[in-house]
Amino acid sequence: MASRSSPRKQVRRSAALLHESFLRHRNWRWAKIASALCLVLILIYAFDNPVPRPEGDTVYGYTLGTIGFALILWLTALGIRKRRMSPGVWSLKAWTSAHVWLGLSLIVIGTLHTGFHFGWNVHTLAYALMMLVIASGLFGIGVYAALPSKLSENRGELTETQMLEGLRSLDRQLHSAAQPLGPRAAALIQASLDEDAFGGGLRARLRSGALENATTEAEHGLREMKGEIPPDAMERLKALLGQKHSLVAQLRRHLRLRAILEIWLYVHVPTTIALIAALIAHVVSVFFYW
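First, a word on scope: everything that follows refers to the structure included in this document. Within each chain, residue numbers correspond to sequence positions counted from 1 in written order. Residues qualify for local features only when their pLDDT is at least 70, as the model is predicted, and side-chain atom pairs are given and counted only at 80 or more; totals for whole chains, interfaces and linings, by contrast, use all residues. Excluded from the side-chain calculation are hydrogens and water; included are all heavy atoms of the structure.

### Description of the environment of Glu55
This is how the line gets drawn: A helix here means a DSSP run of H or I that spans at least four residues, while a strand means a run of E at least two residues long, and both kinds are numbered starting from the N terminus. Contact criterion: two residues are considered in contact whenever any of their non-hydrogen atoms come within 4.5 Å of each other. Think of a polar contact as two N or O atoms within 3.5 Å of one another; within protein, one of them needs to be a possible hydrogen donor and the other a possible acceptor, and neighboring residues in sequence only count if both atoms come from side chains.
Examined against the element boundaries, Glu55 turns out to sit in the loop between α2 (25–47) and α3 (59–75). In sequence terms Glu55 and His113 are 58 residues apart; their C-alpha atoms lie 6.3 Å from each other. Those residues in contact with Glu55 that lie beyond four places of it in its chain are Gly61, His113, Thr114, Gly115 and His117. Of note is the side chain of Glu55, whose polar atom sits 3.2 Å from the side chain of Arg53.

Here it is, written out as structure tokens:
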């Protein structure tokens, strides 16, 4: 009679599965499958003895090329799969795990397919693009492993929406507090209100360092006008500008981390498209000169 696990063990197992990363999915299932596949292919390559030498136009070379080409086409389907959420054996986590580990197995499949013969041609171009796609994918894995905790640490208890709402609220309070000010002080506050905290594009988001903007200039400018502004208004404005400075800095750190999280895709996706184009050219040229 088969033993049945207790409800507590089932709960523990469910919690472990829930927090399991896509790399360790199902006790490294796809890592084991990919490793076994590579081991078998290496053994076959070691014992195969084609004449005159191992390369892509042998029976084994064509077999490896077909496996590699089919695998690459399947791996590109992850982008489509991400738009469909479903549980079970082929959940998004399982699919991503398979994408990573089977993608890495292409290093072995592609290299054995070449027979270690390279040159300045479309065949080597396809191989180089494949390695570039794999390298960018490895960078993406590292980014996804390291940055989410930093994002969460930077946000604290706030969501991105709450941070944006907090910024709008501070701007409304600053606008109200600036009403009794003279033209010079009011211009400093208006410059802070007009400034786009998210301006500058991707390059600006990726830049780190001190936050020098219209809000900090307003803080410095108001200090120089200490005698021109009533003490109560000055204290309120300093407090509001200080809060806005902190919140904008927090938002910019958030945007920078998100940009790093996504920027590798700007290499991975276009290079994947270029790889498929090079692979098609590689296959067509092989059959044309057959």
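Picking up where we left off.
### Let's talk about the nonpolar core
Using the following cut-off: Buried Ala, Val, Leu, Ile, Met, Phe, Trp, Tyr and Cys residues form a nonpolar core when they are joined through side-chain atoms within 4.5 Å. Here the term buried applies to any residue with accessible area under 20% of the maximum for its type, exposed to any over 50%, and partly exposed to those in between, with areas from a 1.4 Å probe on protein chains only.
Ranked by size, the top nonpolar core spans 25 residues in total, and within it Leu102, Leu106, Met130 and Leu275 carry the most contacts. Elements represented by at least two residues in this core include exactly α2, α3, α5 (92–114), α6 (122–155) and α12 (265–288). Setting aside chain neighbours within four positions, we find Met130 in contact with Ile72, Leu106, Gly110 and Leu275. Counting 22 residues, the second largest nonpolar core, distinct from the first, contains Ala218, Leu247, Val248 and Leu251.

### A word on the packing of aromatic side chains
Inclusion rule: By convention, a stacked pair of Phe, Tyr or Trp rings (six-membered ring in the case of Trp) has centres within 6.5 Å and planes under 30 degrees apart, an edge-to-face pair has planes over 60 apart, and any other such pair is tilted.
Going through the model one piece at a time under the given rule, you end up with 5 aromatic pairs. Between Trp28 and Trp101 the ring centres are 6.1 Å apart and the planes differ by 65°, which places this aromatic pair in the edge-to-face class. Of the two residues, Trp28 is situated in helix α2 and Trp101 in helix α5; the sequence distance between them amounts to 73 residues. Ring geometry for Phe118 versus Tyr127: centroids 5.0 Å apart, planes at 45°, classification tilted. Accessibility expressed as a relative area gives 45% for Phe118, which makes it partly exposed.

### Things to note about unusual backbone geometry
Not every positive phi belongs to a glycine, and Arg26 is a case in point at roughly 50°. Position of Arg26 among the secondary structure elements: in helix α2. In this structure, Asn27 is a non-glycine residue whose phi angle is positive, near 55°. The residue Asn27 is located in helix α2 in this model.

### Remarks on the pattern of salt bridges
Note the following rule: Counted as salt bridges are all cases of a side-chain nitrogen of Lys or Arg within 4 Å of a carboxyl oxygen of Asp or Glu.
In total, this model carries 8 salt bridges according to the counting rule given. Two residues, Arg53 and Glu55, come together in a salt bridge whose shortest N-O distance is 3.2 Å. Of the charged contacts in the structure, one is a salt bridge between Glu235 and Lys238, with a shortest N-O distance of 3.9 Å. With Glu235 and Lys238 both in helix α11 (residues 231–263) and 3 residues apart, the pair spans about one turn of that helix. Judged by its relative accessible area of 39%, Lys238 is partly exposed.

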